[in-house]
Amino acid sequence: MTSLSSQKQNSHAHGIGARARGETTWSDIDKSRLYGIGTVIYSALTVALHPLTVTKIRRQVMTNNNSSTLESGSFFQTYYRGLSVVVSLAIPARIIYISTLEFTRELIDTHTRQFIFNPPPLISAYEKELQSLIPFVTPFSGGVAGGMAAVSSQAIIVPMDVVSQKLMVMEYSKYREKGSVLNVVNTILKTEGYGGLFRGFGLSLFTSIPAGSIWWAAYAGVKDQLNHYLDANYPPESIPVLTRQGIIQITSAFSAAFASSILT
């Protein structure tokens, strides 16, 4: 009986990975397509929305005295300042974010489930209590991975924001003379050192870690619960695959955005 129970437990433990639960794992994903197509779409959105970013940053620092000097020049010179910095650094930051998120989430999820179903002898007497935590594993792994992804990407995003925003709010006459990325970076290094490129790094972590953790914890948790609900109440053939995925993804994303905006 003991060996049979042990075999069942081991088979259950081996079937607790994401692939065994019918989910796409990080190793299953075609990285070239993910990064290639994602980079093109992300770059196109960045270019399209960049004027809005410039407008927002300028509204935050603009006064009646400098409004005209900021907005002199052509449309491109006015509303696409800093675009080269944003595109060149946001793409690697996004790759680092996604890679860290997906790899860490799968790793934490798998090892946490293995720990719960195969606890060390010291706490094996609490096996039932441990297994009651299974519904929380998915949001837990998503939350931790989201926080770690936010930390890893901020090392690139903060310098990108510092340099690009200096270009965005630079007066037009000064921008024409010293508006290159290299000039801005050299000026920061000469006056503030390397710390100047990471100004606001602590505050960025303070906001991005909770937001990323809550967003991905909520997203993973809602997605997991919706999958269980649809599996229990609707046969697979009753809902087209794309429709099912759309319902799950949209509902999970809206729920995550709502939770993140309320709690952070």
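Worth saying up front: this structure is predicted, and the values here are computed from it rather than measured. (Residues numbered from 1 in each chain as written. Predicted model: local features only at pLDDT ≥ 70, side-chain atom pairs only at ≥ 80, totals over all residues. Heavy atoms only, no water.)

## Some details on the nonpolar core
Ranked by internal contacts, the top residues of the largest apolar core, which has 13 residues, are Val-85, Met-160, Val-163, Leu-167, Met-170, Val-184 and Ile-188. Taken together, the elements giving at least two residues each to this core come down to α5 (83–117), α7 (137–168) and α9 (181–192). When near neighbours in sequence (up to four residues on either side) are disregarded, Val-184 contacts Val-163, Lys-166, Leu-167, Met-170 and Lys-178. One finds Ala-149, Trp-216, Ala-218 and Ala-256 within the second-largest nonpolar core, a separate group that totals eight residues. (Core = buried A, V, L, I, M, F, W, Y, C linked by side-chain atoms within 4.5 Å. Buried < 20%, exposed > 50% of the residue type's maximum accessible area, 1.4 Å probe, protein only. Helix = DSSP H or I, 4+ residues; strand = E, 2+ residues; numbered from the N terminus. Contact = heavy atoms within 4.5 Å.)

## Some words on the side chain of Ser-208
With respect to the secondary-structure elements, Ser-208 resides in helix α10 (residues 201–233). Excluding residues within four positions of it along the chain, Ser-208 makes contact with Ala-150 and Gln-154.

## Describing the packing of aromatic side chains
Given two aromatic rings, one states the distance between the centres and the angle between the planes to describe the pair. All told, the structure shown has five aromatic pairs when counted by the stated rule. Measuring from centroid to centroid gives 4.8 Å for Trp-215 and Trp-216, while their planes differ by 65°, and the two rings are edge-to-face. Residue class for Trp-215 comes out partly exposed when judged on its relative accessible area of 25%. Here Trp-216 falls in the buried class, since its relative accessible area comes to 16%. Aromatic pair Trp-216 and Tyr-219: ring centres 5.4 Å apart, planes at 80°, arrangement edge-to-face. Within this pair, Trp-216 and its partner Tyr-219 are both found in helix α10, separated by three residues, close to a single helical turn. The two residues Trp-216 and Tyr-219 agree in class, both being buried. Here the aromatic residues Trp-215, Trp-216 and Tyr-219 are joined through ring pairs into a cluster of three or more. (Phe/Tyr/Trp six-rings, centres within 6.5 Å; stacked < 30°, edge-to-face > 60°.)

## Remarks on the packing of helix α2 (residues 31–61) against α5
Relative to each other, α2 and α5 sit at 140°, their axes nearing to 10 Å. Accordingly, the angle class assigned to the pair α2 and α5 is oblique. For the pair α2 and α5, the sense of crossing is right-handed. Residues Leu-34, Tyr-35, Gly-38, Thr-39, Tyr-42, Ser-43, Thr-46, Val-47 and His-50 of α2 touch α5, and the partners they reach there are Leu-83, Val-86, Val-87, Ala-90, Ile-91, Arg-94, Ile-95, Ile-98 and Ser-99. Along the lines of polarity and charge, the residues of the contact of α2 with α5 split into eleven nonpolar, six polar and one charged. (Axes fitted to C-alpha atoms, helices over the stretch in contact; angles between N-to-C directions. Parallel < 35°, antiparallel > 145°, perpendicular 65-115°, else oblique. Left-handed = near helix turned anticlockwise from the far one by under 90°. Nonpolar A, V, L, I, M, F, W, Y, C, P; charged D, E, K, R; others polar.)

## Notes on the side chain of Arg-58
With respect to the helices and strands, Arg-58 occurs in helix α2. Judged by relative accessible area, which is 2%, Arg-58 ranks as buried. One polar contact links the side chain of Arg-58 to the main-chain carbonyl oxygen of Met-168, over a distance of 2.7 Å. (Polar contact = N/O pair within 3.5 Å; in protein donor to acceptor, adjacent residues only side chain to side chain.)

## Digging into α7
Along its 32 residues, α7 runs 43 Å from first to last C-alpha, staying within 8% of the 46 Å computed at 1.5 Å per residue. Along α7, the helix axis deviates most sharply at Gln-154, where the bend reaches about 45°. (Expected span 1.5 Å × (residues − 1). Bend = angle between axes of the 7 residues up to and from the residue.)

## Topic: the confidence of the model for the protein chain
Looking at the protein chain as a whole, its pLDDT mean stands at 83, while 86% of the residues score no less than 70. Across the protein chain, the secondary-structure element scoring lowest on mean pLDDT is helix α1 (residues 2–14), at 43, and the one scoring highest is α7, at 92. pLDDT under 50 marks residues 1–15. Its contacts with residues more than four places away, or in other chains, come to eleven contacts. (pLDDT = per-residue confidence, 0-100.)

## Quick word on the environment of Val-47
In this structure, Val-47 sits in helix α2. The exposure class of Val-47 is partly exposed, given its relative accessible area of 34%. Considered as a pair, Val-47 and Tyr-80 are 33 residues apart in the sequence and their alpha carbons are 8.2 Å apart. In this structure Val-47 touches Tyr-80 and Leu-83, once residues within four positions along its chain are discounted.

## Digging into the packing of α7 against α10
Look at α7 against α10: their axes get within 7 Å of each other, and the N-to-C directions meet at 145°. Crossing hand, α7 versus α10: right-handed. Counting all contacts with α7, which are made through Thr-138, Pro-139, Gly-142, Gly-143, Gly-146, Gly-147, Ala-150, Val-151, Gln-154, Ala-155 and Val-158, the residues of α10 involved are Phe-201, Ser-204, Leu-205, Ser-208, Ile-209, Gly-212, Ser-213, Trp-216, Ala-217, Ala-220, Gly-221 and Asp-224. Of the residues in the contact of α7 with α10, the class split is eleven nonpolar, eleven polar and one charged.

## Considerations on the environment of Ile-98
Mapped onto the elements, Ile-98 comes out in helix α5. Measuring from C-alpha to C-alpha, the distance between Ile-98 and Leu-34 comes to 9.7 Å, with 64 residues separating the pair along the chain. Residues within four places of Ile-98 in sequence aside, it is in contact with Trp-26 and Leu-34.

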